[in-house]
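Each chain, written out:
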Amino acid sequence: MARNEEQLSNFSLGSEGCKCTDQSAVLASLTKRSCLISEGHNGVMLTVEGPCVPSSYGSYGCLRHDLINDPKCQMADSPDYCPDTWCFVDAESCMRSSERVHRSKHFPRDLGVD
């Protein structure tokens, strides 16, 4: 199965009480981290060294966002997090569900990107 087909077959909008949220406007507003992704569209740097990801990174559904966007995940000995499906969520709403919520390590707490 092609990577994009596999992504779509595993697609979900989150679980009941813990839905994915759209954080693309927040990520696009990080002008100090702006960059161009391979398609020539604006993106955002996750860290100082990269990678440059689309501003839709982590939004719109539970997908393997890192497998698609992180160059480390393209290597034979890729990190353990690469195949994980995830999305940004409203942490407060999810605390009432059975989902595990982890804070993003890439963005400051005051941005509200969870």
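Provided above is the structure to which this section pertains.
Student: Could you clarify how one ought to interpret the packing of aromatic side chains in this entry?
Tutor: For any pair of aromatic rings, geometry is given as the distance between the ring centres together with the angle between the planes. Taken as a whole and assessed by the stated rule, the structure comprises 2 aromatic pairs. Ring geometry for Y57 and W86: centres 5.2 Å apart, planes at 70°, overall edge-to-face. With a gap of 29 residues between them, Y57 in the loop between β5 (52-54) and α3 (65-69) and W86 in the loop between α3 and α4 (91-94) connect regions that are remote in the sequence. Site record: aromatic cluster; members linked through ring pairs are Y57, W86 and F88.

Student: It is not clear to me how the sheet that holds strand β4 (residues 42-45) should be interpreted in this structure. Could you clarify?
Tutor: For sheets, the rule is that strands pair by backbone hydrogen bonds, running either parallel or antiparallel. The strand order across the open sheet formed by 3 strands is β3-β4-β5, and the pairing between neighbours is antiparallel. The open sheet is flanked by β3 (34-36) and β5, the only strands paired with a single partner. Across the sheet, the mean angle from the axis of one strand to that of its neighbour is 55°, orientation sign disregarded. Relative to β5, β4 runs antiparallel, the two being bridged by 3 bridges. Counterpart to V44 in the pairing with β5 is V53.

Student: When you look at the nonpolar core in this model, what are you seeing that I'm missing?
Tutor: Nonpolar side chains in soluble globular proteins tend to be buried together. In terms of nonpolar packing, the biggest core is built from 7 residues, these being L27, L30, V44, L46, V53, Y57 and F88. Each residue touching Y57, except ones within four places of it in the same chain, is listed here: L27, L46, H65, D66, N69, W86 and F88. Counting 6 residues, the second-largest nonpolar core is a separate cluster that includes C18, C20, V89 and C94.

Student: I keep staring at the state of the cysteines and nothing clicks. Help me out?
Tutor: What we call a disulfide is simply a covalent bond connecting the sulfur atoms of a pair of cysteines. Here the structure, examined in full by the defined rule, presents 4 disulfides. Paired by a disulfide, C18 and C94 hold their sulfur atoms 1.9 Å apart. Torsion about the S-S bond of the C18 and C94 cystine: about 95°, corresponding to right-handed handedness. Here C18 is found in strand β2 (residues 18-19), whereas its partner C94 is found in helix α4, with 76 residues between them in sequence. Each member of the pair, C18 as well as C94, carries the same accessibility label: buried. Between the sulfur of C73 and that of C82 lies a disulfide, 2.0 Å long from S to S. Negative torsions about the S-S bond denote left-handed disulfides, and the value of about -80° found for C73 with C82 makes this one left-handed. We classify C73 as buried; its relative accessible area is 5%. If one numbers only the bonded cysteines of the protein chain, in the order they occur, the disulfide pattern is 1-8, 2-7, 3-4, 5-6.

Criteria and thresholds
- Residues numbered from 1 in each chain as written.
- Predicted model: local features only at pLDDT ≥ 70, side-chain atom pairs only at ≥ 80, totals over all residues.
- Heavy atoms only, no water.
- Phe/Tyr/Trp six-rings, centres within 6.5 Å; stacked < 30°, edge-to-face > 60°.
- Helix = DSSP H or I, 4+ residues; strand = E, 2+ residues; numbered from the N terminus.
- Pairing = 2+ DSSP bridges.
- Axes fitted to C-alpha atoms, helices over the stretch in contact; angles between N-to-C directions.
- Core = buried A, V, L, I, M, F, W, Y, C linked by side-chain atoms within 4.5 Å.
- Buried < 20%, exposed > 50% of the residue type's maximum accessible area, 1.4 Å probe, protein only.
- Contact = heavy atoms within 4.5 Å.
- Disulfide = S-S within 2.5 Å.

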